[in-house]
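Descriptive analysis of the structure
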Amino acid sequence: MIKALFIIGGIGYLLLIGAWLHERKSHFQTIDKYAQCQAELKSTQENLVRYTQLYIDLRNKCELDKKQIEQRYSTLLKKSLEPIPQVHIPQTQDEYQALKEIIDEALSHFNK
């Protein structure tokens, strides 16, 4: 009877030690997982800051491009509303030279 109690006590003691070791292992795994989550969180926060800055830079560049396009469109619209100079067939060398200058000026506006 005493042997049986001694054996049962030993088995209980071994089960208690086994449970304690299992809990200790589980605790360390949880700590490792927590450390991994912290590292991932830090990395994600750094990426968020970087991508937010890239988004702001891109948005500012788009706004600048939009303003430049609107300014260019406004300039072209003003030029299109200007009266067209009357062109006649040149009769003299001076008239020919004046017509050439008008054509060169018009071409320079399209080549910009």
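Residues numbered from 1 in each chain as written. Predicted model: local features only at pLDDT ≥ 70, side-chain atom pairs only at ≥ 80, totals over all residues. Heavy atoms only, no water.

1. Concerning the packing of aromatic side chains
- Taken as a whole, this structure holds zero aromatic pairs when the rule is applied.
- When the ring centre of Tyr51 is taken as reference, the NZ or CZ atom of Arg50 above it lies at 4.8 Å. (Phe/Tyr/Trp six-rings, centres within 6.5 Å; stacked < 30°, edge-to-face > 60°. Lys NZ or Arg CZ within 6 Å of the ring centre and 35° of its normal.)

2. A look at the layout of surface pockets
- Its volume calculated, the largest pocket comes out at about 430 Å³.
- When residues of the lining of the largest pocket are traced back to their parent elements, those giving at least two are helix 1 (2–81) and helix 2 (93–110).
- For the lining of the largest pocket, the leading source of residues is helix 2, giving five residues.
- Its residues assigned to classes, the lining of the largest pocket shows seven nonpolar, two polar and three charged. (1 Å grid on protein atoms, 1.4 Å probe; cavity = no way out; pocket = protein on both sides within 12 Å on 5 of 7 lines; lining within 4 Å. Points joined across faces, edges and corners; volume = space filled by probe spheres on them. Helix = DSSP H or I, 4+ residues; strand = E, 2+ residues; numbered from the N terminus. Nonpolar A, V, L, I, M, F, W, Y, C, P; charged D, E, K, R; others polar.)

3. Considerations on the pattern of salt bridges
- According to the stated counting rule, one finds two salt bridges in the structure shown.
- Of the charged contacts in the structure, one is a salt bridge between Lys61 and Asp65, with a shortest N-O distance of 3.6 Å. Of this pair, Lys61 and Asp65 both sit in helix 1, four residues apart, roughly one helical turn. (Salt bridge = Lys/Arg side-chain N within 4 Å of Asp/Glu carboxyl O.)

Function-wise, these values are silent; they only describe arrangement.
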